[in-house]
2 protein chains.
Amino acid sequence: MAEIYMDNAAGTRLLDEVYESMVPYMKTYYGNPSSIHSMGTEPREAINRARGQVASMIGAEAADIYFTSCGSESNNLAVKGTMLASIKTGRHVVVSAVEHQSVLNAARAMKRNGWDVTIVNTDNKGFVDPDAVNAAVRSDTVLVSVIHASNEIGTVEPIREIAKVVKSRNIPFHTDAVMTAGVIPVNVDDLGVDMLSLAANSFGGPKGAAALFIRKGVRVFSIFDGGIQERGRRAGTENVPAIVGLGKAAEMAVKDMDNRIKVTTALRDKLMNGLESKIPKLYINGDREKRLPGNVHASIEAIEGESILYSLARKGVMAASGSSCADKALKTSHVLTATGLDPALANASILFSLGFENTGEEIDHVLEVLPPIVERLRSMSPIWNG
Amino acid sequence: MAEIYMDNAAGTRLLDEVYESMVPYMKTYYGNPSSIHSMGTEPREAINRARGQVASMIGAEAADIYFTSCGSESNNLAVKGTMLASIKTGRHVVVSAVEHQSVLNAARAMKRNGWDVTIVNTDNKGFVDPDAVNAAVRSDTVLVSVIHASNEIGTVEPIREIAKVVKSRNIPFHTDAVMTAGVIPVNVDDLGVDMLSLAANSFGGPKGAAALFIRKGVRVFSIFDGGIQERGRRAGTENVPAIVGLGKAAEMAVKDMDNRIKVTTALRDKLMNGLESKIPKLYINGDREKRLPGNVHASIEAIEGESILYSLARKGVMAASGSSCADKALKTSHVLTATGLDPALANASILFSLGFENTGEEIDHVLEVLPPIVERLRSMSPIWNG
């Protein structure tokens, strides 16, 4: 069997049609969108088309979409940009304990500059309680940011309910939807959010393209300044091919979303159920129902997550441990810590993030190779007494 | 004659070999460089290769190269990152009046937050005087930033001399080399700079890839936070294909630089001399010798620069007015204002930014079509009395 990619939370394969849509903007229309001659026209129009495609995907106005270079930039722009714009209102921000590092660390960076940060904890499935958010909000709170779905344990947060609470207090509300936009239905009005981050690479689009939705009227300062690109909120020559790819990926995601969700959810449930039935003392983290379609996050008692990864890799299976993207510096995932998971189990965790391009045969392969790996590793473990 | 692209300061054509180098990282090696499985390996190694290629081009250590998404981001990281890291030392920064908007506006943004900014003026050719920089430096100055070469009038600044002055005062020195790196020889030790910004799109590389050189020991805070990519100084999943393209473009620039400079300089001089001899009351801005190889910036008395552009466009010639990238909001270029150019002449300016892919025939075409355009426009001008 060829190599099996089950690390879609770290980045999806660039879809062929998306790649093809980008090629003309690399090879032919290489002009700067700000140029007033004909070489600027096509890139400028392409960016506008992409803005419309992204807006459609999340039920937003095209004018409220701001392109950035990655999800982390979108999150930093939302968090720092709002905090910087609101100095006269207050210097307090509320975030959840299961945010992506880019939200958490953006907030922490502001803390070093004198802002106050309240981190709201979750229950053992990773859910943020709207009432807890309400209790954390103060008269000087200028922003609340809660992730739409955890990039680790896949828990989909009750954003609509949290938004209601936050809006009743008249405070801007941001959600990091990098794991959900383009994957499950996301509508900014339905969710009731003021800002929303998304990234192309989560749904078959290219690296280097992401966006922040900023509802009209919400005050956000730029975090890098310069020219007047993106209406002055994000300076710098636009990465036209990547933005075109983001737009195309958004368009495809809308068209194929129902099918993708169906396929991915079936694969996920097959893998979750198979793992539980075949491996004793394996625990699924997060919620069974309100979780990302492709997310299988499990703790396997008495084994280091990384050992499993390396063994799986030798069998051609690519998965992730802890946070699926980059935080090699952290030993124990802050998300798993937030759910109160025993640290030993937290470090014994593995994440399969499936996509709609995975197959039933690939799930079968994992279910065939993983149990003997676990058995072998446990036989060498000093703490295993199964 | 086909369309003639003379707007290379706004962005160069992506070279075919560079494009080809990027394709595998879009189509095949789509993994996240932070992943520990095999799909992360090749992207991670590719980024390291690119880091070496970029470092070689500017005589730096690979470990001192930090990838960003565009020149504006590099400039913001240098300016704001240094200022944020130096709060305890002081809150004063010195920049020249001919900086790119991303440096000027980054400094201005910090000014709104309580920092002091001194802007050093230039002479009528756009040169920054090292003595003037020395006079502007104070005991609480934490950064001096002077552009290597103006993106508008092409004047190459005496960076070595300015660096000497700044270093004698023991202050970090940044240069925006977006117009020079990959175009003319740039060596960070020879120049004596602590930080240097460069962008792939200035020398045949892709949009979406740039870098900041930060000399070991210089303190720079990140402007967006999150994962530990780029050793914690620039969070976010790396744009692998674009970074690979930046590396390849750097490698090609080093190999072909002498030839490119020779070709481009000859074209530039042919166009400058031709324009001066064929069009009365046309003035070349900037310095004749110490200017970018491809830069032809001229003011044509009694005509709006934009009128010339539109007329040229109809003859298939793509050039720019004022600043070659984006600042539609500014009516008169801040660079031309800094040189003391009469506002009427400043607004009558046009920029041809040539590259090594331009040809002598293209120059001939411009020299053929422009004089009658100027004559016609002047015949309609109420202020022309030639």
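Residues numbered from 1 in each chain as written. Chains lettered and ligands numbered in written order. Predicted model: local features only at pLDDT ≥ 70, side-chain atom pairs only at ≥ 80, totals over all residues. Heavy atoms only, no water.

Here's the deal with the pairing of strand 6 (residues 173–176) of chain B
Residue and element names in this part refer to chain B.
Piece 1. Burial of the side chains of strand 6 extends over both faces: Phe-173 and Thr-175 are buried on one face and His-174 and Asp-176 on the other.
Piece 2. Note that strand 5 (residues 141–145) and strand 6 share two bridges and pair parallel. Note that in strand 6 the partner of Val-144 across the bridge is Phe-173.
Piece 3. Each parallel crossover has a hand, and the one from strand 5 via helix 6 (residues 159–168) to strand 6 is right-handed.
Piece 4. For strand 6 and strand 7 (residues 195–199), the ladder comprises three bridges, and the chain directions are parallel. The residue of strand 7 that forms the bridge with His-174 is Met-195. (Buried < 20%, exposed > 50% of the residue type's maximum accessible area, 1.4 Å probe, protein only. Helix = DSSP H or I, 4+ residues; strand = E, 2+ residues; numbered from the N terminus. Pairing = 2+ DSSP bridges. Right-handed = clockwise from strand over helix to strand, strands pointing away.)

Things to note about the sheet that holds strand 8 (residues 210–214) of chain A
Residues and elements named next belong to chain A.
Piece 1. Strand order in this open sheet of seven strands is 2-8-7-6-5-3-4, and the pairing throughout is mixed. Each having just a single partner strand, strand 2 (65–68) and strand 4 (116–120) make up the two edges of the open sheet. Averaged over all pairs of adjacent strands, the angle between their axes in this sheet comes to 20 degrees, without regard to strand direction.
Piece 2. Examined bridge by bridge, strand 3 (residues 92–96) and strand 5 (residues 141–145) share four bridges and lie parallel to one another. In the strand pairing of strand 5, Val-95 is matched with Ser-145. (Axes fitted to C-alpha atoms, helices over the stretch in contact; angles between N-to-C directions.)

Describing the sheet that holds strand 9 (residues 282–284) of chain B
All names here are of chain B.
Piece 1. Taking strand neighbours across the sheet as the criterion, the three strands line up as 9-10-12 in an open arrangement whose pairing is antiparallel. In this open sheet, the two strands that pair with only one neighbour each are strand 9 and strand 12 (349–353). Strand-to-strand twist in this sheet, taken as the mean axis angle between neighbours without regard to direction, amounts to 25 degrees.
Piece 2. Two elements, strand 10 (residues 295–300) and strand 12, share five bridges in a ladder whose sense is antiparallel. Following the sheet pairing, Asn-295 is matched in strand 12 by Ser-353.
Piece 3. Packing of helix 8 (residues 240–278) onto the sheet brings it into contact with strand 9, strand 10 and strand 12, and relative to strand 10 it is tilted by some 15 degrees. (Contact = heavy atoms within 4.5 Å.)

Brief notes about the relation of the copies chain B and chain A
Piece 1. Here chain B sits on chain A after a turn of 180 degrees about the axis and a move of 0.0 Å along it, with an RMSD of 0.0 Å. The superposition operator between the copies reduces to a two-fold rotation axis.
Piece 2. A share of 100% of interface residues in chain B that are also interface residues in chain A marks the association as one of identical surfaces. (Least-squares fit on C-alpha atoms with pLDDT ≥ 70 in both.)

Considering the interface of chain B and chain A
Piece 1. At the interface, 63 residues of chain B touch 63 residues of chain A.
Piece 2. Roughly 5200 Å² of surface becomes buried between chain B and chain A when both sides are summed, with 60% attributable to carbon and sulfur atoms.
Piece 3. On the chain B side of the interface with chain A, the three residues burying the most area are B:Tyr30, B:Lys207 and B:Asp225, jointly 14% of the side's total.
Piece 4. In this assembly, chain B and chain A are joined by two salt bridges. (Buried area = accessible area lost by both parts, 1.4 Å probe. Salt bridge = Lys/Arg side-chain N within 4 Å of Asp/Glu carboxyl O.)

What to know about the domain arrangement of chain A
Residues and elements named next belong to chain A.
Piece 1. Domain annotation of chain A identifies domain 1 (4–11 + 257–379) and domain 2 (16–252).
Piece 2. A C-alpha centroid distance of 27 Å is found between domain 1 and domain 2.
Piece 3. Tallying the contact residues gives 29 residues for domain 1 and 29 residues for domain 2.
Piece 4. Run the count over domain 1 and domain 2 and you get one salt bridge.
Piece 5. In this structure, the salt-bridge partner of Lys-125 is Asp-287, at a minimum N-O distance of 3.4 Å.
Piece 6. Linking domain 1 with domain 2 are eight residue pairs in polar contact (both at pLDDT 80 or more).
Piece 7. Contributing elements (two or more residues each) for the side of domain 1 that touches domain 2: helix 8 (240–278), strand 10 (295–300) and helix 10 (334–338). (Domains from an automatic or database assignment. Polar contact = N/O pair within 3.5 Å; in protein donor to acceptor, adjacent residues only side chain to side chain.)

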